[in-house]
Amino acid sequence: MDYYSSKIRTLIEELSRLPGIGAKSATRMAFHLINQPQETADRLADAIRDARAGVRLCRTCCTVTDGEECPICASTARDRSTIMVVENPRDLAAYEKTGRYNGLYHVLHGAISPALGIGPSDIKLKELMMRLQDEQVKEVIIATNSTLEGETTAAYLSKLIRPLGILTSRIANGIPVGGDLESIDEVTLLRALEGRRAL
Ligand code: ZN
């Protein structure tokens with residue numbers, strides 16, 4: 001890529017680090033961006049900077065939020081006896097969109113994967129175990145994905161939680177194997193939630 005200016009080369013390199021963006025798309029995006037008015041490019045750069053600097057993890061459930069605690073954890077209308085464990089904030093959003101779940105969440109930010117070298121200490125598991133010290137918690141619904149990693153995480157979690165005397169349940173089958181929660185329609189999600197079984 002030596003025939004491009006070094007500034008464009010840097011931009012292409014940075015863009016090609018994004019998930020799903022190969023060298024070809026990165027090059028196309030870079031040339032698109034430098035042909036835009038200055039304000040357009042500035043707006044994108046500002047949005048990236050502001051989101052990165054301003055977004056943090058909720059001190060309770062670890063989802064991404066703008067403040068100390070997310071609106072769900074801060075709400076007095078939520079049922080604090082149930083915690084649904086999901087892999088990422090997009091899964092949380094999928095369940096919230098159904099409007100039928102009124103408990104709290106816990107976002108792991110990943111799943112255990114021995115193949116990828118991701119162990120229990122690489123996800124927000126310790127934070128979940130801390131929350132379970134609270135006597136209000138009666139049920140943990142494990143809603144990790146139906147992938148190998150999601151199932152491994154579910155099995156690990158239930159083994160950890162069972163001795164605490166808290167009911168542990170797993171969302172029902174119905175979510176296709178390898179299925180990503182966010183790409184599943186609301187009816188399927190509700191069915192999976194309502195058909196959950198105790199572990
Ligand atoms: Zn929260």
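Residues numbered from 1 in each chain as written. Predicted model: local features only at pLDDT ≥ 70, side-chain atom pairs only at ≥ 80, totals over all residues. Heavy atoms only, no water.

S.K.: Even after reading the chapter, I still don't get the coordination of the zinc ion, so can you show me in this structure?
M.R.: Octahedral six-donor coordination of a metal ideally yields angles of 90 or 180 degrees, compared with 109.5 degrees for tetrahedral four-donor coordination. Only C58 (SG), C61 (SG), C70 (SG) and C73 (SG) from the protein coordinate the zinc ion, and they sit 2.3 to 2.4 Å from it. Around the zinc ion sit four donor atoms; with metal-centred angles ranging over 104 to 118°, the donor geometry is tetrahedral. Positions of the donor residues of the zinc ion along the chain correspond to the pattern C-x2-C-x8-C-x2-C. With a gap of 12 residues between them, C61 in the loop between β1 (56-57) and β2 (64-65) and C73 in helix α4 (residues 71-74) connect regions that are remote in the sequence. Take C61 and C73: they sit in the same class, and that class is buried. (Donors = N, O, S within 2.8 Å, 3.2 Å for Na, K, Ca; no water. Tetrahedral: all angles 85-135°; square planar, octahedral: opposite > 155°, others 65-115°. Helix = DSSP H or I, 4+ residues; strand = E, 2+ residues; numbered from the N terminus. Buried < 20%, exposed > 50% of the residue type's maximum accessible area, 1.4 Å probe, protein only.)

S.K.: Just checking my understanding: could you explain the sheet that holds strand β4 (residues 103-107) for this structure?
M.R.: Strand pairing in a sheet takes place through backbone hydrogen bonds and is either antiparallel or parallel in direction. An order of β4-β3-β5-β6-β7 is seen for the five strands of this open sheet, with the pairing classed as mixed. In this open sheet, the two strands that pair with only one neighbour each are β4 and β7 (197-198). When strand β3 (residues 79-86) meets β4, the two strands line up parallel, connected through five bridges. Within β4, the residue paired with D79 across the bridge is G103. With respect to the sheet, helix α7 (residues 148-161) is in contact with β3, β5 (139-142) and β6 (167-170), its orientation differing from that of β6 by roughly 170°. (Pairing = 2+ DSSP bridges. Contact = heavy atoms within 4.5 Å. Axes fitted to C-alpha atoms, helices over the stretch in contact; angles between N-to-C directions.)

S.K.: What am I meant to see in the pairing of β5 here?
M.R.: Of the two faces of β5, the one carrying E139 and I141 and the one carrying V140 and I142 are both buried. As paired elements, β3 and β5 share four bridges and run parallel to each other. Looking across to β5, one finds that M84 is bridged to I141. With four bridges joining them, β5 and β6 adopt parallel strand pairing. Bridge pairing in β6 places V140 opposite T168. Where the polypeptide runs from β5 across α7 and back to β6, its parallel neighbour, the crossover connection is right-handed. (Right-handed = clockwise from strand over helix to strand, strands pointing away.)

S.K.: Just to check I follow, could you spell out the packing of helix α1 (residues 6-15) against helix α2 (residues 23-34) for this structure?
M.R.: For any two helices packed against each other, the geometry comes down to the angle between their axes and how far apart the axes lie. In the contact formed by α1 and α2, the axes pass within 8 Å of each other and the chain directions differ by 130°. By the angle between their directions, the pair α1 and α2 is classed as oblique. Remark: the crossing between α1 and α2 carries right-handed chirality. Residues I8, L11, I12 and L15 of α1 form the contact with α2, whose own contacting residues are A23, A26, T27, M29, A30, F31, L33 and I34. Residues belonging to the contact of α1 with α2 are distributed by class as follows: 11 nonpolar, one polar and no charged. (Parallel < 35°, antiparallel > 145°, perpendicular 65-115°, else oblique. Left-handed = near helix turned anticlockwise from the far one by under 90°. Nonpolar A, V, L, I, M, F, W, Y, C, P; charged D, E, K, R; others polar.)

S.K.: Would you explain a nonpolar patch on the surface in this entry?
M.R.: There is a patch of nonpolar side chains on the surface, built from V55, L57 and V64 and spanning about 200 Å² of accessible area. Counting through the fold element by element, V64 comes out in strand β2. (Patch = residues over 30% accessible without salt bridge, like charges linked within 9 Å, V, L, I, M, F, W, Y side chains within 5 Å. Areas by Shrake-Rupley, 256 points an atom, 1.4 Å probe, with all protein chains shown as cover. Salt bridge = Lys/Arg side-chain N within 4 Å of Asp/Glu carboxyl O.)

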